[in-house]
Amino acid sequence: SAADRISKMCEVAESHAPIQIGITLVKPLVKQDYNGFKCSTYSFYALPFSGPELLGKEPSFLCKASALQFNAENGHVDFNKWLKHGVPYMSREDEANYLASPLSHGDVNLPRKVGLLRLWKLLCEAQVPLVTHCPLDVFFLLRIFERQKLPRNPAELAKLIHQCTPCVFDTAHLHGSIG
C-alpha cells in the first residue's frame, strides 16, 4: 500500500544519510533568436554537523559495505575529502533546539555549523520546483533538513513537502512513464 511504501522510505531516510548532494540551478535565457536555459551544477559532500550544539544528540547513520566499496572502486566518492571537507548540515529542528539554548547566544559560527541548511532554506523560500532522481531523494532531503522523524501519514508528509517546494519532478518516474 502507499502507506507501507511511505513508511519504508521514511525508515531508510531516517537510518541512512546522503554523502553528496547535487544541485542544478536553471536560469531562463531569452535572446533575440534564441530561447533556452543556462544550467549551473554544483555538487557538495554533505556531512552531518556534530558538536555540543546538538545538545547530546550525536548524529549517526548506517552504511552498507557494498555501497561504500562501489563508491570507492568506481571513483564516485573521495571518502577522505568527504570526512575532512564535507559541508556540514543541521536540520531545522536541530537549529531551533540550539537557538533555544543558552549555548547559542553570540555564536558567530552558526552559519558555518548549519551549513547546507542555509541553501535548503533559500530554495524553500524561493518555492522552486524540485527535480529528483527517485522518491527516496525527497525523503532524504526532508530528513536531513527538516525533521529527524518524518511523518508517516501521507497528508502530513504532503504538507511538509509543499512547505518546501511547490512541486516535485521525479526523473525515474518520468523515464518509466515516457521512456
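Everything that follows concerns the structure shown earlier in this document.
Figured I'd write up the structure that's included with this text. Just so it is clear, the structure is predicted and the values come from calculations on it, not from any experiment.

A short note on a nonpolar patch on the surface
A cluster of nonpolar side chains, namely Val131, Phe169, Leu174 and Ile178, defines an oily patch on the protein surface of about 400 Å² accessible area. Among the structural elements, valine 131 can be located in strand 4 (residues 130–132).

What to know about the packing of aromatic side chains
All chains considered together, the criterion is met by four aromatic pairs. Measuring from centroid to centroid gives 6.2 Å for phenylalanine 61 and tryptophan 82, while their planes differ by 55°, and the two rings are tilted. Residue phenylalanine 61 is found in the loop between strand 2 (34–48) and helix 2 (65–73), and its partner tryptophan 82 is found in helix 3 (residues 79–85); the two are separated by 21 residues along the sequence. Residues tyrosine 89 and phenylalanine 145 carry aromatic rings whose centres are separated by 5.9 Å and whose planes lie at 65° to one another, so their mutual orientation is edge-to-face. Of this pair, tyrosine 89 sits in strand 3 (residues 87–89) while phenylalanine 145 sits in helix 7 (residues 135–145), placing them 56 residues apart in sequence. Side by side, tyrosine 89 and phenylalanine 145 carry an identical accessibility label, which is buried.

Quick look at unusual backbone geometry
When glycine is set aside, most residues are seen to have a negative phi, and most peptide bonds are trans. With a phi angle near 50°, glutamine 127 is a residue other than glycine that sits in the positive phi range. Its place among the elements puts glutamine 127 in the loop between helix 6 (116–126) and strand 4. A relative accessible area of 31% places glutamine 127 in the partly exposed class.

Regarding the pattern of salt bridges
Tallying each qualifying case throughout the model produces seven salt bridges. The partner of aspartate 94 in a salt bridge is lysine 57, and the shortest N-O contact between them spans 3.0 Å. Of this pair, aspartate 94 sits in helix 4 (residues 92–99) while lysine 57 sits in the loop between strand 2 and helix 2, placing them 37 residues apart in sequence. Taking the relative accessible area as the measure of exposure, aspartate 94 reaches 9% and is therefore buried. Here arginine 92 and glutamate 146 are joined by a salt bridge, their closest N and O atoms 2.8 Å apart. Placement of the pair is arginine 92 in helix 4 and glutamate 146 in the loop between helix 7 and helix 8 (154–164), with a sequence separation of 54 residues. For arginine 92, a relative accessible area of 28% gives the class partly exposed. A single salt-bridge network, built from bridges that share partners, covers Glu14, Lys149 and Arg152.

Here's the deal with the nonpolar core
Counting residues in each nonpolar core, the largest one holds 31 residues, and the members touching the most others are Tyr89, Trp120, Phe139, Leu142, Phe145 and Leu150. The set of elements that each furnish at least two residues to this core consists of helix 1 (2–15), helix 5 (110–114), helix 6, helix 7 and helix 8. Of the residues forming this core, the biggest block, seven residues, is contributed by helix 7. Ignoring any residue separated from it by four or fewer positions in sequence, one finds phenylalanine 139 in contact with Ile6, Met9, Cys10, Ala13, Leu150 and Leu157. In terms of nonpolar packing, the next biggest core, distinct from the first, is built from six residues, Tyr45, Leu47, Val77 and Trp82 among them.

Looking at the sheet that holds strand 2
Judged by pairing direction, the sheet is mixed, and its three strands sit side by side in the order 1-2-3 without closing on themselves. The open sheet terminates on both sides in strands that have one partner only, identified here as strand 1 (20–31) and strand 3. Within this sheet the neighbouring strands show an average axis-to-axis angle of 45°, counted without direction. Looking at chain direction, strand 2 and strand 3 are connected through three bridges and run parallel. Of the residues in strand 3, the one forming a bridge with alanine 46 is valine 87.

Notes on the pairing of strand 2
Summarising the sheet, strand 1 and strand 2 pair through twelve bridges and their orientation is antiparallel. Opposite isoleucine 23, over in strand 2, you have tyrosine 42 as the bridge partner. Hairpin connection from strand 1 to strand 2: two residues lie between these consecutive antiparallel strands.

What counts and how
- Residues numbered from 1 in each chain as written.
- Predicted model: local features only at pLDDT ≥ 70, side-chain atom pairs only at ≥ 80, totals over all residues.
- Heavy atoms only, no water.
- Patch = residues over 30% accessible without salt bridge, like charges linked within 9 Å, V, L, I, M, F, W, Y side chains within 5 Å.
- Areas by Shrake-Rupley, 256 points an atom, 1.4 Å probe, with all protein chains shown as cover.
- Salt bridge = Lys/Arg side-chain N within 4 Å of Asp/Glu carboxyl O.
- Helix = DSSP H or I, 4+ residues; strand = E, 2+ residues; numbered from the N terminus.
- Phe/Tyr/Trp six-rings, centres within 6.5 Å; stacked < 30°, edge-to-face > 60°.
- Buried < 20%, exposed > 50% of the residue type's maximum accessible area, 1.4 Å probe, protein only.
- Core = buried A, V, L, I, M, F, W, Y, C linked by side-chain atoms within 4.5 Å.
- Contact = heavy atoms within 4.5 Å.
- Pairing = 2+ DSSP bridges.
- Axes fitted to C-alpha atoms, helices over the stretch in contact; angles between N-to-C directions.

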